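A closer look at the structure
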Amino acid sequence: MFSILATEAFEGSFTTEANVILENVWLIPLLPAISFFVILFFGKRMPKGGAEVGIAAIGLAFVLAILANVAWIDHRDNFDGPTQSALTGLIEDDHAEDDHGEDENALGTTLTVTDTTAGADGVDEVVDVDLAFTEAGEGEEAHAAIAVLKGTDWLTNGGIAFSVGTLLDGPSVMMLFVVTMISLLVHIYSTDYVAGDRRYTHYFAFLSLFSASMLIFVLSRSTLQALVAWELVGVCSFALIGHWWEEKPNSDAALKAFLTNRVGDVGLLIGIIILFFASGGHFDYITINEMALAGEINQTALTWAAISLTAAVMSKSGQFVLHTWLPDAMAGPTPVSALIHAATLVTAGVFLIGRLYPVFFIGYNIEGSSINGLSLIGAITVVGAGLVAFVQDDIKKVLAYSTVSQLGYMVMALGVGAWTAAMFHLFTHAFFKAGLFLGSGSVAHAVHSFNMKTDMGGLRKFMPTTHKTFIICSVALAGVFPTAGFWSKDEILVGTGGFGVGSGSANGSYDLMLVMGLVGAALTGAYMTRAIYLTFYGEFRGHGEPHESGKRITVPLIILSVFAAGAGLINLPPGFITGSLEPWQERFFHFVEPAAAYFPAISHSVPSYWLAVVASAVGLAGPAVAYWYYFIKVDGLAKQTGEKLTELPNGLVANNKFAAAGHALLKNKYYLDHLYNDVIVASVKGPIARGAIWFNKVVLDGFVDNAGKGSVRTGKFIYDSIDQGLIEGTVNGSGKLSSQSGQGLRRMQTGKVQQYAALLFAAATVLAGIFIVFI
Amino acid sequence: MTEAFLLAQAVEFDVASNIAFAIISIVMLYSAFKMVTTGNVVHAALYLVIVLAASAAVFILLGSDFVGATQILVYIGAIIVLFLFGIMLTKAQLGDDDSVASEKRSMGALVGTLLFVVMAFALVDTFGNDEINFGDPEPIAFTPSTVDASDLPTPVREALFISADAGEVELTQAQFDTLEPEVQRRVPGAEVFGNNKQIADAIFSQYIIPFEAVSVLLLAALIGAIVVARKE
Amino acid sequence: MILNQFLLLAAVLFSLGVYGVLTRRNGVLVLMSVELILNAVNINLVAFGAFQDNVQGDVFAVFVIAVAAAEVGVGLAMVLLMYRNRKSIDFSEVDMMRG
């Protein structure tokens, strides 16, 4: 199953005829889209302020998404209709006789386990799970996962068709489930959380619009359609972050998110344009992917496209240097953070890479390499964000940096070629991070603050359900066996292939990524332990009497924590426990990873027991240190002195200069905001201002100075009519010139609209004249 | 008809329409000038009516009767009324609005002249003396029919030598073809269209999407105007 | 008739419209001057349509008339709003567009 697919070349990519549900998945985004308009126009007059429409629509969409998943599971293995390829057209089906149902293992392979001792001694006993074809399996072909492509030409211009429609395959059907489910839970949660809000209806309208846009994004069949949806989710994110825009920090955060994402959007646009021209005029994912794999798009174009798209991913999925908006985005309501800034929107970038994987796979030379841009960005993000999460006092900021860090894992996994691992981590992360965010919201609902140090502590007594679900989700996040996070994180680590993990079955040998991944795992556990201690243990430091939240808040928490604990079971590594590939193992891989002509032949790492053990040990070491510090030292001291402590009074930071410097660095988030505002913005602003002054001083003044009296009079007439202020500065002798020239251009800003219009018309006329005369 | 006759007719037509054009354009430019300079707000609106009517005349001169008619209906009928409402609702002084600063006036004159010079240069440079060729009129379509002689217009009866009390007469294509075009238009059953038919075809087939877009734009403008202007 | 006599007529009309937009103080008069500009454009469109012997010029002129109607509606609404807020529609008093 692993390296077998790598050598398998599929001919077909997609079909247009399939199960009726798979053909009509467009209904799923349509429902919340309709609900958006209904809530917008009629919401205020409804008894529940429009929330009921939103919940009904997303609930129905969730049911349809489940049906689509069921239909896909059937379609994945049993489809034998006509298939097509974007390059070669309709494919003659010469193996329609394939006996699909006969073998439970549809790939016709079995697993043999060979015990090999890599080392001479028993220190590193390696159990390599190796796969080989059996005699019987050799003749059969693996069943391709044929995507279902529907759509229509939106418009045709100059012979290029812009198609819209749905592309349904493994990743999109998985995302349908995740988005609709989390969205439904968040809708229900929100009815309590934002109850009584002054823009309650508006809030639910935008939740609906966001769900619709995100669903359109995951179902997009072309880059252009994806771009539209991508911008739509950006707008919804902007509107929801700034939900309480009356407070300045909130509207600032919304603007920051919007503007930072704009940087990436330019990258996305450039990437799409490069791919469009390099592929000879195509926007369709499948066409671009097939052409990239067939070598019809040249390597340089793919590399540049991949780099441009990486910029988009860096902003949307909060990768390092462009991640700064994501922690600030926590200014929005907490359910929004759970839905948008943890589970769905921020994974759009990861999903985009997954969609255009051939572009990245070939563009970044992922195969057989040991480092590349994508994996490096991911790896830096994993550790960098994990460290910052330590010094945050705001519980949501801790979770935000944790999200950045986990997104780093996904990007890193894609960078090292572990596609399924990335998608699986996306899948599991959605549950436990949404659970954590909603849990933090539940806490904040009780104590009316997000600050762990001043307003929380000891909440386990008051909020038992929130406490338990928070712990379960944290354990899953930290990747403790056997919760969801363990399986997905382990798969990423194996996929790096560093230090010979997986015996060369990975795509390359990314040593650095493995180390960073392990460090990240330790950090994750540690900062979550800190957050849990500060929130739920010790003495309560806030005011009033906190109480457990209502059913509409706790039930989504319980559901999410169940998924956080158990979601990993759908992708158990092959050979786990039984030693051979069982039908209940690797289901996620089987149903989600495309096995068709539009997906590259990536290698799949063989799971490694010793890595699992090492990762677990490292992953537990972090929490252990944090536990020792907070639960034993700090708690002990607090009990001794009777004070409400959140850290040791004379710990490392207080005593050690280097530790203090590091702490300051982290506290200031690597000074990135200072870099953007004080260095980049200031340095761009400065030269423009200086350039304006120079222009004023040298060009304008010089012109008037050197001309005779007659031309001064002409100049006076012109400048008089444009601006009186300018002429004063220019005629009154050279002595005053240098001091006043800076003011010149500024005074043109009189604020009078008609003067602006005159300048506009005059400038346009002059430009037109230049064109006419010279061209 | 001889070549010389056709040429003479064309020249005659040209002279007549050029005289018409001269009168129309002088009236139009004078009114436009008064419109942008007059101090009286209501007078300005009335001058605008003259400008718009004159440009409707220009459209008809160019053979676009439909646009001319639309111009009169929409502009003079509706938009001017809106303007008058605007003038009244804002209680602008109905008297003089003179105190326009001289520096502003010279600024406007400078920009306007500059604009005209550049455009005129470009136009003369590009189109020179290009003639507008109105082309041969298409033959008028006719369906042979039986009509009561008393219903026929006098010129038609005279040309075809039919008396008014001849009762039911049958008109044939051959008879129709002998008539002058001006007379042909008056025969019952002759299909007389300007380019209206073609415009209708173009709007509702080739330009259907812009057409729909314009209708949505009008709706948006309607809603926008209500939202902006209503009292909170 | 030559094409240029129409085009130059339109150019003069356009320039007069621009002059009006730049100098009039009364908001309603500014909007009226904008109508002059639009009308000049319409004359151009129809003249080119006749020059090319097709109906596209006419079609677009009709569209421009419709858009002009929309523009006047919204423009007058804005002038009314300005009047309500400032008790004046004098454009030379509006100088809030300063950075």
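Residues numbered from 1 in each chain as written. Chains lettered and ligands numbered in written order. Predicted model: local features only at pLDDT ≥ 70, side-chain atom pairs only at ≥ 80, totals over all residues.

**Concerning the overall build of chain C**
In terms of helices and strands, chain C carries three helices and zero strands. What you see in chain C, going N to C, is helices and strands ordered as α-α-α. Per-residue burial over chain C gives 63% buried out of 99 residues. In chain C, the proportion of contacts linking residues at least 24 apart, taken out of those at least 6 apart, comes to 46%. (Helix = DSSP H or I, 4+ residues; strand = E, 2+ residues; numbered from the N terminus. Buried ≥ 20, exposed ≤ 12 C-beta atoms within 10 Å, placed from the backbone. Contact = placed C-beta atoms within 7 Å.)

**Side note on the overall build of chain B**
Secondary structure assignment for chain B yields nine helices and four strands. Along its sequence from the N terminus, chain B presents helices and strands in the succession α-α-α-α-β-β-α-β-α-α-β-α-α. Expressed as a percentage of its 232 residues, the buried residues of chain B come to 24%. Considering only residue pairs separated by 6 or more positions, chain B has 57% of its internal contacts joining residues 24 or more positions apart.

**Remarks on the interface of chain C and chain B**
Each partner contributes to the interface: chain C provides 61 residues, whereas chain B provides 75 residues. With 22 residues, the single largest contributor to the side of chain C that touches chain B is helix α3 (residues 56–86) of chain C. Of the residues that constitute the side of chain C that touches chain B, the class distribution is 44 nonpolar, 12 polar and five charged. (Nonpolar A, V, L, I, M, F, W, Y, C, P; charged D, E, K, R; others polar.)

**Digging into unusual backbone geometry**
Residue and element names in this part refer to chain A. Look at the link from Phe481 to Pro482: it is a cis peptide, with omega at 0°. Looking at where Pro482 falls in the secondary structure, it is placed in the loop between α20 (464–478) and α21 (484–496). The phi torsion at Asn365 lies on the positive side, around 55°, for a residue other than glycine.

**Considerations on the packing of α20 of chain A against helix α23 (residues 551–566) of chain A**
All names here are of chain A. Packing of α20 against α23 brings their axes to within 9 Å, and their N-to-C directions diverge by 25°. The angle between the axes of α20 and α23 places the two elements in the roughly parallel class. Along this stretch, α20 crosses α23, giving a crossing that reads as left-handed. Contacts from Thr465, Thr466, Thr469, Ile472, Cys473 and Ala476 of α20 reach α23 at Thr554, Leu557, Ile558, Leu560, Ser561, Ala564 and Ala565. Here the residues of the contact of α20 with α23 are counted per class, giving eight nonpolar, five polar and no charged. (Axes fitted to C-alpha atoms, helices over the stretch in contact; angles between N-to-C directions. Parallel < 35°, antiparallel > 145°, perpendicular 65-115°, else oblique. Left-handed = near helix turned anticlockwise from the far one by under 90°.)

**Section: the environment of Gly281 of chain A**
Residues and elements named next belong to chain A. By the element assignment, Gly281 lies in the loop between α9 (248–278) and α10 (285–293). A C-alpha to C-alpha distance of 8.9 Å links Gly281 and Ala161, two positions 120 residues apart in sequence. If we ignore the near neighbours within four places in the chain, the residues touching Gly281 are Ile160 and Phe276.

**A short note on helix α14 (residues 348–355) of chain A**
The buried fraction of α14 of chain A amounts to eight of the eight residues, a majority that puts the element mostly inside the structure. Buried within α14 of chain A are the following residues: Ala348, Gly349, Val350, Phe351, Leu352, Ile353, Gly354 and Arg355 of chain A.

**Thoughts on the environment of Ile160 of chain A**
By the element assignment, Ile160 of chain A lies in strand β7 (residues 160–168). Separated by 120 residues in sequence, Ile160 of chain A and Gly280 of chain A place their C-alpha atoms 10.0 Å apart.

**Side note on the confidence of the model for chain B**
When pLDDT drops low, the exact placement of atoms in the prediction is not to be read closely. Considering every residue of chain B, the mean pLDDT works out to 81; 82% of them sit at 70 or more. Ranking the elements of chain B by mean pLDDT puts strand β4 (residues 190–191) of chain B last, at 66, and helix α2 (residues 41–61) of chain B first, at 91. (pLDDT = per-residue confidence, 0-100.)

**A short note on α9 of chain A**
Residues and elements named next belong to chain A. Over its 31 residues, α9 extends 45 Å from the first C-alpha to the last, a length consistent with the 45 Å expected when each residue adds 1.5 Å. In the structure, α9 departs most strongly from a straight axis at Val263, where the bend amounts to approximately 30°. Directly after α9, the chain includes Gly280, whose backbone phi takes a positive value near 75°. (Expected span 1.5 Å × (residues − 1). Bend = angle between axes of the 7 residues up to and from the residue.)

**Examining the packing of helix α16 (residues 373–388) of chain A against helix α22 (residues 511–536) of chain A**
All names here are of chain A. Interhelical geometry of α16 versus α22 gives an angle of 25° and a closest axis separation of 9 Å. Here α16 lies roughly parallel to α22, going by the angle between them. The hand of the α16/α22 crossing is left-handed. On α22, the residues that touch Ser375, Ala379, Val382, Val383, Gly386 and Leu387 of α16 are Leu512, Met513, Met516, Gly517, Val519, Gly520, Leu523, Thr524 and Tyr527. Taken together, the residues of the contact of α16 with α22 break down into 10 nonpolar, five polar and no charged.

**Here we look at the confidence of the model for chain C**
Residues and elements named next belong to chain C. Counting all residues, the mean pLDDT for chain C is 87, and 95% of those residues have values of 70 or more. Averaged pLDDT values over the elements of chain C bottom out at 89 in α3 and peak at 92 in helix α1 (residues 3–23). Quick note on the complex model: pTM equals 0.65, ipTM equals 0.92.

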